[in-house]
Amino acid sequence: MSRPLEPHRPFLSFGNPFRRMSPKSSYLSPKLLALLNTFEETLQGRINNLRPVCRDDVLRLSWMRFAMDTLCEIHTDVKTLITALELPVCDWDDKWIDVYLDDSVKLLDICIAFSSEISQLKQGHLFLQCVLRNFGGAPTKQSERARSSLEGWKQHVAKKNPRFDNCFCAMDVLAEKLDLPKIKNSAKGNVLMRAMYGVKVISLLVCSIFAAAFSGSTKKLMDIQVPESFSWAAAFSELQAFVNTEIRSLHSSGRTTILKELEAVDTDVKKLYPIVQEEAVEAQVLVSSTSDLGKSAEKLSQGLDLLAKDVDRFFQIVLTGRDTLHGNLRIGGNASDGVRRVNFKGGPLVC
């Protein structure tokens, strides 16, 4: 899970949304403007709430769960907006459909990678359980077995997850398309694309943060520039700067793991490892060390279980929206043969 130190990445150029935008008030009716303002004000509030209370909260599983919950709420908000716009799928431009379907399948690929990494970390918990159980056995065998389990855990968490290659690729594609499509003759379409831009930006930021937490690398940590014409731009910039600065600081300090609960387990493993190599171990020292490891391991395991549920919930929200659109297109006779479905366990399939 550890990666070599990478240089700080500059702000990424994802295209210039300014060139495809005009002031929203210049072409929207009062009703549409009210709908858009409500959506963007809600989005700004969710971004403000997502900022950690203190730097120590960054990359804690509790904050990551809240971030994933926030993504679920934001994606639900855009579905509510689509309903309020009274914009049936049969009236959608092909470009809007392409944007929605392309973005959603990339998010599903990213979710699959995150779920795979969480599952791999949870499997590592078995090694820690073996360590703790071994100290309840015969003294002549317990140290040898504990050393073997500790070595197994270290090797397990250091393994590279091959699914992250797909995750990084999906993030790159989302980043390259991070602009607003030019919409002609549709005020409702402009509202929809503006809202979807906001959803895409915050989704990409959270996904890049998760990727940094799971990979132990800042290579894919993104710095996204949002035009000031968006009311939520300042809140987004503050959140991004706060979190990214802390993550880069943790990484530059030489830490092999930057996920806080995983780091706590790693620290306790390093404390216990030299103890189990000794032939004669003071009972109190051993009890204290194993107790600390048991607590940190259980906290990590429980946090991962809860985060896995949140990632799955986000996956289902994205998948449901995608399948609903796909179904409506089929009913309307406009579905293309190239639309992809995704199986959560098996990965992307082409139908």
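## Description of the overall build of the protein
Turning to step 1, where the next piece is worked out: Scanning the protein from terminus to terminus reveals nine helices and two strands.
Turning to step 2, where the next piece is worked out: Secondary structure elements in the protein, listed N-terminal to C-terminal, are α-α-α-α-α-α-α-α-α-β-β.
Turning to step 3, where the next piece is worked out: Within the span of the protein, comprising 351 residues, buried residues form 51% of the whole.
Turning to step 4, where the next piece is worked out: When contacts within the protein are restricted to residue pairs at least 6 apart in sequence, those whose partners lie at least 24 apart make up 80%.
Turning to step 5, where the next piece is worked out: For the protein, the exposed area adds up to about 16,400 Å²; of that, 52% sits on carbon and sulfur atoms.

## Here we look at the state of the cysteines
Between two cysteines, a covalent bond joining their sulfur atoms is known as a disulfide.
Turning to step 1, where the next piece is worked out: Tallied over the full model, the rule gives zero disulfides.
Turning to step 2, where the next piece is worked out: Summary of cysteine pairing: cysteine 169 is not part of a disulfide, and the nearest cysteine sulfur, belonging to cysteine 167, is at 9.8 Å.

## With respect to the environment of arginine 133
Turning to step 1, where the next piece is worked out: Following the sequence through the fold, arginine 133 ends up in helix H3 (residues 94-134).
Turning to step 2, where the next piece is worked out: With 157 residues separating them in the primary sequence, arginine 133 and threonine 290 have C-alpha atoms 9.9 Å apart.

## Let's talk about the packing of helix H5 (residues 163-176) against helix H6 (residues 187-215)
Turning to step 1, where the next piece is worked out: Remark: H5 packs on H6, axes separated minimally by 11 Å, with the N-to-C direction vectors making an angle of 150°. Between H5 and H6, the angle is such that the two are roughly antiparallel. Crossing of H5 against H6: the hand is left-handed. The residues of H6 that touch H5, namely those facing Phe164, Phe168, Met171, Leu174 and Ala175, are Lys200, Leu204, Cys207, Ser208, Ala211, Phe214 and Ser215.
Turning to step 2, where the next piece is worked out: Counted by class, the contact of H5 with H6 contains nine nonpolar, two polar and one charged residues.

## Observations regarding helix H8 (residues 260-276)
Turning to step 1, where the next piece is worked out: For H8, spanning 17 residues, the distance from its first C-alpha to its last is 25 Å, which sits close to the expected 24 Å at 1.5 Å a residue.
Turning to step 2, where the next piece is worked out: Taking burial as the measure, the 17 residues of H8 include 12 buried ones, the bulk of the element.
Turning to step 3, where the next piece is worked out: Those residues of H8 that sit buried are Lys260, Glu261, Leu262, Glu263, Val265, Asp266, Asp268, Val269, Leu272, Tyr273, Ile275 and Val276.

## Re the environment of glutamate 151
Turning to step 1, where the next piece is worked out: Topologically, glutamate 151 is positioned in helix H4 (residues 139-158).
Turning to step 2, where the next piece is worked out: Among the polar contacts listed, one links the side chain of glutamate 151 to the side chain of tyrosine 273, at a separation of 2.5 Å.

## A few points about the pattern of salt bridges
Turning to step 1, where the next piece is worked out: Taken as a whole and judged by the stated rule, the model has 16 salt bridges.
Turning to step 2, where the next piece is worked out: Residue lysine 122 pairs with aspartate 305 through a salt bridge whose shortest N-O separation is 3.1 Å. Pair noted here: lysine 122 is in helix H3 and aspartate 305 is in helix H9 (residues 283-332), with a separation of 183 residues, a long-range link.
Turning to step 3, where the next piece is worked out: For lysine 122, a relative accessible area of 34% corresponds to the partly exposed category.
Turning to step 4, where the next piece is worked out: Bridged by salt links that share partners, the residues Arg46, Glu73 and Asp77 form one connected network.

## Things to note about the packing of aromatic side chains
Turning to step 1, where the next piece is worked out: The full count for this structure, using the stated rule, is 11 aromatic pairs.
Turning to step 2, where the next piece is worked out: Measuring from centroid to centroid gives 5.7 Å for phenylalanine 114 and phenylalanine 214, while their planes differ by 55°, and the two rings are tilted. Here phenylalanine 214 lies in helix H6 and phenylalanine 114 lies in helix H3, a separation of 100 residues in the sequence. We note that phenylalanine 114, like phenylalanine 214, is buried.
Turning to step 3, where the next piece is worked out: In this structure an aromatic cluster arises from ring pairing among Phe114, Phe164, Phe168, Phe210 and Phe214.
Turning to step 4, where the next piece is worked out: Directly above the aromatic system of tyrosine 273 lies the positively charged group of lysine 154, at a separation of 4.2 Å from the ring centroid.
Turning to step 5, where the next piece is worked out: Sitting over the face of the ring of phenylalanine 230, arginine 194 holds its NZ or CZ atom 4.2 Å from the ring centroid.

Rules behind the numbers
Residues numbered from 1 in each chain as written. Predicted model: local features only at pLDDT ≥ 70, side-chain atom pairs only at ≥ 80, totals over all residues. Heavy atoms only, no water. Helix = DSSP H or I, 4+ residues; strand = E, 2+ residues; numbered from the N terminus. Buried < 20%, exposed > 50% of the residue type's maximum accessible area, 1.4 Å probe, protein only. Contact = heavy atoms within 4.5 Å. Areas by Shrake-Rupley, 256 points an atom, 1.4 Å probe, with all protein chains shown as cover. Disulfide = S-S within 2.5 Å. Axes fitted to C-alpha atoms, helices over the stretch in contact; angles between N-to-C directions. Parallel < 35°, antiparallel > 145°, perpendicular 65-115°, else oblique. Left-handed = near helix turned anticlockwise from the far one by under 90°. Nonpolar A, V, L, I, M, F, W, Y, C, P; charged D, E, K, R; others polar. Expected span 1.5 Å × (residues − 1). Polar contact = N/O pair within 3.5 Å; in protein donor to acceptor, adjacent residues only side chain to side chain. Salt bridge = Lys/Arg side-chain N within 4 Å of Asp/Glu carboxyl O. Phe/Tyr/Trp six-rings, centres within 6.5 Å; stacked < 30°, edge-to-face > 60°. Lys NZ or Arg CZ within 6 Å of the ring centre and 35° of its normal.

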